[in-house]
Amino acid sequence: MSSINLLEAALDAAFSDPSRQGGVQTALLAAELYVSPTGGKPADGVVLGRDAPFRLNGIVLQEGHNATAAFTRTEFATALFGEPASMAIRGRHLLEAFIGGWIVLNPGQERGLVLSPADIAAILAHAGDAQPTVEDPNIEVLTPEPAPTALIANMKVVLDHPAIRSAWVSTTRDRTTGQTGWRMEVYGDLELAEVRERVRQGTRGLDFGDEPLDLLIGPASDAVGAGLRII
């Protein structure tokens, strides 16, 4: 594992510059987090939430709230629970599973985060379906031909912001149904809601016919997106 991951980098950046809080939300949704099931690591073939209750170890906050604990590294759980965290979960899935409760990230570490039910609901609402996601093998991602010059020109304007690292546009084709569409990828530290609004502005007046435009928002990184680079 590298000495720092994207979520830890986003936390460091936000502590230094509060205007970069949006990067924490985005990185949190995409991150692989580590948790400790109350009954230990489930047996092979057992799916928590389906075959057994999905209960995770946590802590009690000063205000008395019970909070589920999650970590950016497995070993961070040892000081609290006596052993490393035994299960990995995508950040977005953790937020969805505990949307009515509290979550604390990296308790006991120098850089952490406490999320209330309102915080969790807001992050998921702002993200909508614009989420970093594992590639779907049924979806073929292609470079647009010809290049969508009007779309690219619009996006160059609306996505020109210091907190946006890069943006990409590609076309998609569902190998099963044959349905075609468009995909935008935006990487940076800007608030999720603002990214969505800027992309909405960039598509205003353009005709996509019946083809959907999927938006993927990822944390600031040197990631290479699919298709054509816009910025």
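Whatever comes next refers back to the structure up there.
Residues numbered from 1 in each chain as written. Predicted model: local features only at pLDDT ≥ 70, side-chain atom pairs only at ≥ 80, totals over all residues. Heavy atoms only, no water.

J.: Quick one: what's the story with the overall build of the chain, residue by residue and with numbers?
T.: Within the chain, the regular secondary structure consists of 7 helices and 11 strands. Its C-alpha atoms put the chain at 55 × 45 × 30 Å along the principal axes. The buried share among the 231 residues of the chain stands at 42%. Pairs at least 24 residues apart make up 71% of the contacts formed inside the chain by residues separated by at least 6 positions. Here the chain displays about 12,000 Å² of accessible surface, and carbon together with sulfur accounts for 51% of that area. (Helix = DSSP H or I, 4+ residues; strand = E, 2+ residues; numbered from the N terminus. Buried < 20%, exposed > 50% of the residue type's maximum accessible area, 1.4 Å probe, protein only. Contact = heavy atoms within 4.5 Å. Areas by Shrake-Rupley, 256 points an atom, 1.4 Å probe, with all protein chains shown as cover.)

J.: Before we move on, could you go through the packing of aromatic side chains and cite the residues and values that matter?
T.: The final tally for this structure, using the stated rule, is 2 aromatic pairs. When the centroid spacing of 6.2 Å and the interplanar angle of 85 degrees are considered together, the rings of Phe71 and Phe81 count as edge-to-face. Here the residue Phe71 occupies a position in the loop between strand S3 (66–70) and helix H3 (78–81), and Phe81 occupies one in helix H3, the gap between them amounting to 10 residues. With relative accessibility at 0%, the residue Phe71 sits in the buried group. Summarising the aromatic geometry, the rings of Trp182 and Phe208 are spaced 6.2 Å apart at their centres and angled 70 degrees between planes, so their arrangement reads as edge-to-face. Of this pair, Trp182 sits in strand S9 (residues 180–188) while Phe208 sits in the loop between helix H7 (192–203) and strand S10 (213–219), and the two are 26 residues apart along the sequence. The two residues Trp182 and Phe208 agree in class, both being buried. In this structure, Arg111 is placed above the aromatic ring of Phe15, and the distance from its NZ or CZ to the ring centre is 4.4 Å. (Phe/Tyr/Trp six-rings, centres within 6.5 Å; stacked < 30°, edge-to-face > 60°. Lys NZ or Arg CZ within 6 Å of the ring centre and 35° of its normal.)

J.: Break down the side chain of Asp174 for me, with residues and values.
T.: Structurally, Asp174 is set in strand S8 (residues 164–174). Arg173 provides the closest opposite charge to the buried, salt-bridge-free Asp174, at an N-O distance of 7.1 Å. A distance of 3.1 Å separates a polar side-chain atom of Asp174 from the backbone nitrogen of Thr177. (Lys, Arg positive; Asp, Glu negative; His and termini not counted. Salt bridge = Lys/Arg side-chain N within 4 Å of Asp/Glu carboxyl O. Polar contact = N/O pair within 3.5 Å; in protein donor to acceptor, adjacent residues only side chain to side chain.)

J.: Can you lay out the side chain of Ser116 for me, pointing to particular residues and giving the numbers?
T.: Turning to its location among the elements, Ser116 is positioned in the loop between strand S6 (113–115) and helix H5 (117–127). Judged by its relative accessible area of 13%, Ser116 is buried. Sequence-distant contacts of Ser116, that is, excluding residues within four places in its chain, are made with Gly101 and Trp102.

J.: So what's going on with the sheet that holds strand S5 (residues 102–105)? Which residues, and what values?
T.: Taken together, the 4 strands give an open sheet; going across it, the order is S2-S3-S5-S6, and neighbouring strands pair in mixed fashion. Both outer strands of the open sheet, strand S2 (58–60) and S6, are each paired with one neighbouring strand and no more. Taking each pair of neighbouring strands and ignoring which way they run, the sheet shows an average axis angle of 30 degrees. Here 3 bridges tie S5 to S6, and the two strands are oriented antiparallel to one another. Its bridge partner being in S6, Leu105 is matched across the sheet by Leu113. Seen against the sheet, H5 touches S5 and S6 and runs at an angle of roughly 90 degrees to S6. (Pairing = 2+ DSSP bridges. Axes fitted to C-alpha atoms, helices over the stretch in contact; angles between N-to-C directions.)

J.: Lay out the pattern of salt bridges in plain terms, naming residues and giving numbers.
T.: In the structure shown here, the tally under the stated rule is 9 salt bridges. The closest approach of N and O atoms between Glu8 and Arg73, which form a salt bridge, is 2.8 Å. A residue pair is termed long-range when its members are at least 10 positions apart, and Glu8 in helix H1 (residues 6–16) and Arg73 in the loop between S3 and H3 qualify at 65 residues. Overall, the relative accessible area of 11% leaves Arg73 in the buried class. Linking Glu96 and Arg92 is a salt bridge whose minimum nitrogen-to-oxygen distance equals 3.1 Å. Pair noted here: Glu96 and Arg92 are both in helix H4 (residues 91–97), with a separation of 4 residues, about one helical turn. Accessibility expressed as a relative area gives 40% for Glu96, which makes it partly exposed.

J.: An account of unusual backbone geometry is requested, with residue identities and associated values reported.
T.: Both trends apply: most residues other than glycine have a negative phi, and most peptide bonds are in trans. That bond from Glu145 to Pro146 is cis: its omega, -5 degrees, falls within 30 degrees of zero. Unlike most non-glycine residues, Asn106 shows phi in positive territory, near 55 degrees. Structurally, Asn106 can be placed in the loop between S5 and S6. The exposure class assigned to Asn106 is buried, which follows from its relative accessible area of 3%.

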